[in-house]
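Overview (structure and organization)
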Amino acid sequence: MTDRSSDDPTVAVPQVPVEDLAVDANADRLRDRAADLPSGVDLAVFPEYALTGFVADERLREAALSRDVARARLESVAETAGSAVVAGYAERDGHAVYNATAYVPPGGSSEDGGGEFSAYRKRHLWDDEAEWVEPGGDRVIVETPAGPTGLLTCYDLNFVAESAWFAERAVDALVVVGAWPADHVANWRLLVRARALDGVRWTVGAGRTGTAGGARPAEAATYAGNSLVVRPDGAVAAELGREPATLTATLDRDTLSAQRDLVGAVDDI
């Protein structure tokens, strides 16, 4: 691994409900939760579509944000948190809409260290999402307080090729933002653990909780929550249930080094 500060980074996952199509309300919620984070947090991770919510109809395009607008909103959250932030949103680019996950450096400015602003567009779309959202192209690695970190979004977890690509580049951490259905929470937990184990890295899964707030009644969904942080050996370091709460965990660098020395899988790729 690259030689870095001996300080072990602390990650927080503020598990939140999301109001579909209510950008202002969601931005306020993210800032409120950011303000309540414990001291010493280096990276705060919010769920998929945390800023905009999602609906499978034409209203999604109206709620979707340009990258510049989303960046300004999320930089405000990072400034409030005093940490780096990862969060999802619907991104509008011309006539196209993407499911984007943004990384914002600590305090909202790259001058504070911890890399540059970057956004990943979800490559694998789930069910009727594909009718309204375009698939992304490039995979994304960002330099975070946790070291080189890969970004994935929800259904991306199911594709082993995504995990293998990040393993080939020996990322120290994988961050997955999700809005997983509550009926399939066991699969969410299994896949987050698997992606930690098969890449020998810390993995952070940030799940949306609550129910679909802006969907038509017949389309209402219940979300799993169950945010979790998984060690490089696949063991769960910390996790939540479905309630709104904040999970915190320290991503110990010695644990990562020891597991890679033991397994050797990353060095052998």
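Fair warning: this is a prediction, and the values are worked out from it, not measured in the lab.

Quick look at the sheet that holds strand β10 (residues 228-230) now. Overall, mixed pairing links the 6 strands, which are arranged β6-β7-β8-β9-β10-β11 in an open sheet. Edge positions in the sheet fall to β6 (141-144) and β11 (236-239), since each of these pairs with one other strand and no more. Taken pair by pair, the neighbouring strands of this sheet meet at an average axis angle of 20°, ignoring direction. Direction of pairing for β6 relative to strand β7 (residues 147-153): antiparallel, over a ladder of 4 bridges. Each bridged residue has a counterpart across the sheet, and for Val142 the counterpart in β7 is Thr149. This element, helix α5 (residues 185-199), spans β8 (173-178), β9 (202-207), β10 and β11 of the sheet and lies at about 155° to β9.

Turning our eyes to something else, we now look at the sheet that holds strand β3 (residues 84-93). Across a sheet, strands are paired by hydrogen bonds formed along the backbone, either parallel or antiparallel in direction. The mixed open sheet is built from 6 strands, whose spatial order is β5-β4-β3-β2-β1-β12. Looking at which strands have only one partner, the edges of the open sheet turn out to be β5 (118-121) and β12 (245-250). Averaged over all adjacent pairs, the angle separating strand axes in this sheet is 30°, with direction ignored. As judged from the 4 bridges shared by strand β4 (residues 96-104) and β5, these two strands associate in the antiparallel manner. Bridge pairing in β5 links Ala100 to Arg121. Docked against the sheet, helix α3 (residues 67-81) engages β3, β4 and β5, running at close to 160° with respect to β3.

Here the focus is the environment of Tyr98. Structurally, Tyr98 is set in strand β4. When its relative accessible area of 15% is taken as the criterion, Tyr98 is described as buried. Taking the C-alpha atoms as reference, Tyr98 lies 9.7 Å from Arg61; in sequence the two are 37 residues apart. Not counting chain neighbours up to four residues away, the residues in contact with Tyr98 comprise Tyr89, Ala90, Glu91, Asp93, Arg121, Val133, Glu134, Pro135 and Gly136.

The subject of this paragraph is the confidence of the model for the protein chain. Overall, the predicted model of the protein chain reaches an average pLDDT of 93, with 92% of residues at or above 70. The model gives residues 1-6 a pLDDT under 50, and that stretch makes 11 contacts with residues more than four places away or in other chains. Predicted confidence is poor over residues 214-218, with pLDDT under 50, and the contacts of this stretch with residues over four places away or in other chains come to 11 contacts.

Any space left empty among the atoms is revealed by the rolling of a water-sized probe across them. Taken as a whole, this structure holds 1 cavity of 30 Å³ or more when the rule is applied. Counted as a void, the largest cavity has a volume near 60 Å³. In this structure, the largest cavity is lined by Pro9, Ala146, Asp172, Ala173, Trp202, Leu251, Asp252, Arg253 and Leu256. When grouped by side-chain class, the residues that make up the lining of the largest cavity number 6 nonpolar, no polar and 3 charged.

Now for the pattern of salt bridges. Summed over all chains, the structure comprises 19 salt bridges. A salt bridge links Glu48 to Lys122; the shortest N-O distance between them is 3.3 Å. With Glu48 in the loop between β2 (43-45) and α2 (59-63) and Lys122 in the loop between β5 and β6, this residue pair connects regions lying 74 residues apart in the sequence. With respect to burial, Glu48 and Lys122 carry one shared label: buried.

Within the fold, Ser83 resides in the loop between α3 and β3. Taking relative accessible area as the criterion, Ser83 reaches 1% and is therefore assigned buried. For the pair Ser83 and Gly108, spaced 25 residues apart in sequence, the C-alpha to C-alpha distance is 7.8 Å. Each residue touching Ser83, except ones within four places of it in the same chain, is listed here: Val41, Asp42, Leu43, Ala44, Ala78, Pro105, Pro106 and Gly107.

Rules used in this analysis
- Residues numbered from 1 in each chain as written.
- Predicted model: local features only at pLDDT ≥ 70, side-chain atom pairs only at ≥ 80, totals over all residues.
- Heavy atoms only, no water.
- Pairing = 2+ DSSP bridges.
- Helix = DSSP H or I, 4+ residues; strand = E, 2+ residues; numbered from the N terminus.
- Axes fitted to C-alpha atoms, helices over the stretch in contact; angles between N-to-C directions.
- Contact = heavy atoms within 4.5 Å.
- Buried < 20%, exposed > 50% of the residue type's maximum accessible area, 1.4 Å probe, protein only.
- pLDDT = per-residue confidence, 0-100.
- 1 Å grid on protein atoms, 1.4 Å probe; cavity = no way out; pocket = protein on both sides within 12 Å on 5 of 7 lines; lining within 4 Å.
- Points joined across faces, edges and corners; volume = space filled by probe spheres on them.
- Nonpolar A, V, L, I, M, F, W, Y, C, P; charged D, E, K, R; others polar.
- Salt bridge = Lys/Arg side-chain N within 4 Å of Asp/Glu carboxyl O.

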